[in-house]
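Topology and contacts: notes
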Amino acid sequence: MRPLGIPTMKDRAMQALYRLALDPIAETTADPNSYGFRSQRSTADAIEQCFNILAPQRSATWILEGDIKSCFDHISHEWLLANIPTDKAILQKWLKAGFIEKSLFYATEEGTPQGGIISPVLANMTLDGMERNLKTRFCKRPSPKVNFVRYADDFIITAKSKELLENEVLPVVVTFLKERGLELSNEKTKITHIEEGFDFLGQTLRKFKGKLLIQPAKKNLHTFLTKVREIAKDNKQATAGSMIMLLNPIIRGWANYHKHVVSKKIYGSVDYAIFKILWQWAKRRHPNKGKRWVKDKYFHHHGNRKWVFSGTLPSTNGKPQLIHLVRTADTPIRRHIKVVGIANPYDFQWNNYFTQRQRKSLQQNASS
């Protein structure tokens, strides 16, 4: 279970106001390659930056996969109060407020509550500076190929050798985190060669014969299909139309998340796996009917496609509305254009840049 601290409505409103003032400062002082909990940035930007630093033939070949142990729960209150540029008295009250669980009060001596509106900004400001530390330490060295990409509390650091990561980079990271009351997770932090591949933000990055491929991670794929199976299992008596209404947003969301990487082949296998799940769901609903009867009831022609899972929904005019299950394979694969690292949505000089990005994104979505 992930512990969440949900502030009262008054505190949420207060934190929202203070965040409005704090966020422009956080954006101005943020590391260029930090992408989590930030306006106009996404996981797709982080993955694209990974591609930029790992795809070239002479790029770094070793990757430190970093994971901070219970980041939100262990950030030092003393460090926050000394370094966050906001009202110290108010910040201290939020940090020391404690929480109530099962009618018992628990004091909070460290960390920020997951669920607090201001917590993501505080966490980002706590971790900002790690990239600058690494650049300062290694930029003058002859081609160390040290690069940094972070999304929230997950990050990777590249280098030309395993020894450089173990003996020089890792101590810098450990010292940086210790000052803030944090430490790396021994179970999730590891050093990997690019030809072995590694998972980052639900996608696998691996080089095959010198070519970098980024695909949906097996664990992410398994989690997605497990969710589809659970929906089918929990809705045995639902109509086909209701089942499609439950599944379409999930399928469309998963496909859109992976549409910027090498996913076309996996989309085909995912659609077949979903077909088998729904075929079994349909047969269980009618154990005394033959396969052809089941097929004619639930799987219809749609355009040039056959065997499309279909159903009906009631409409306002009294006529049933026909609805079809979406396919992941219909999602177009498009290369994501990464946001400029130093771009700041609070700086008027970048207004036109972000307007153009938003316009292009809307055009792509409309054409899909």
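Residues numbered from 1 in each chain as written. Predicted model: local features only at pLDDT ≥ 70, side-chain atom pairs only at ≥ 80, totals over all residues. Heavy atoms only, no water.

What the three strands build is an open sheet, ordered β7-β8-β9; its pairing is antiparallel. Each edge of the open sheet is held by one strand with a lone partner, namely β7 (198-200) and β9 (211-216). Across the sheet, the mean angle from the axis of one strand to that of its neighbour is 30°, orientation sign disregarded. Of the pairings in the sheet, the one linking strand β8 (residues 203-208) to β9 comprises six bridges and is antiparallel in character. Across the sheet, Leu205 pairs through a bridge with Ile214, a residue of β9. (Pairing = 2+ DSSP bridges. Helix = DSSP H or I, 4+ residues; strand = E, 2+ residues; numbered from the N terminus. Axes fitted to C-alpha atoms, helices over the stretch in contact; angles between N-to-C directions.)

The next subject is the nonpolar core. Ile157, Val169 and Leu177 are the most contacted members of the largest nonpolar core, which totals 37 residues. Apart from residues lying up to four places away in sequence, Val169 is in contact with Leu64, Leu134, Phe138, Val146, Ile157 and Leu164. Listed in part, the 32 residues of the second largest apolar core include Phe224, Ile244, Ala255 and Ala282. (Core = buried A, V, L, I, M, F, W, Y, C linked by side-chain atoms within 4.5 Å. Buried < 20%, exposed > 50% of the residue type's maximum accessible area, 1.4 Å probe, protein only. Contact = heavy atoms within 4.5 Å.)

Turning our eyes to something else, we now look at helix α8 (residues 162-178). An ideal rise of 1.5 Å per residue puts 24 Å on 17 residues; α8 measures up with 23 Å between its terminal C-alpha atoms. Approximately 40° is the largest bend angle found in α8, and it occurs at Val169, with the proline Pro171 only one to four residues beyond. Those residues of α8 that fall on the buried side of the exposure criterion are Leu164, Leu165, Val169, Val172, Val173, Phe176 and Leu177. For α8, the elements touching its buried residues are β1 (62-67), α6 (119-127), α7 (130-138), β5 (154-159) and β6 (190-193). (Expected span 1.5 Å × (residues − 1). Bend = angle between axes of the 7 residues up to and from the residue.)

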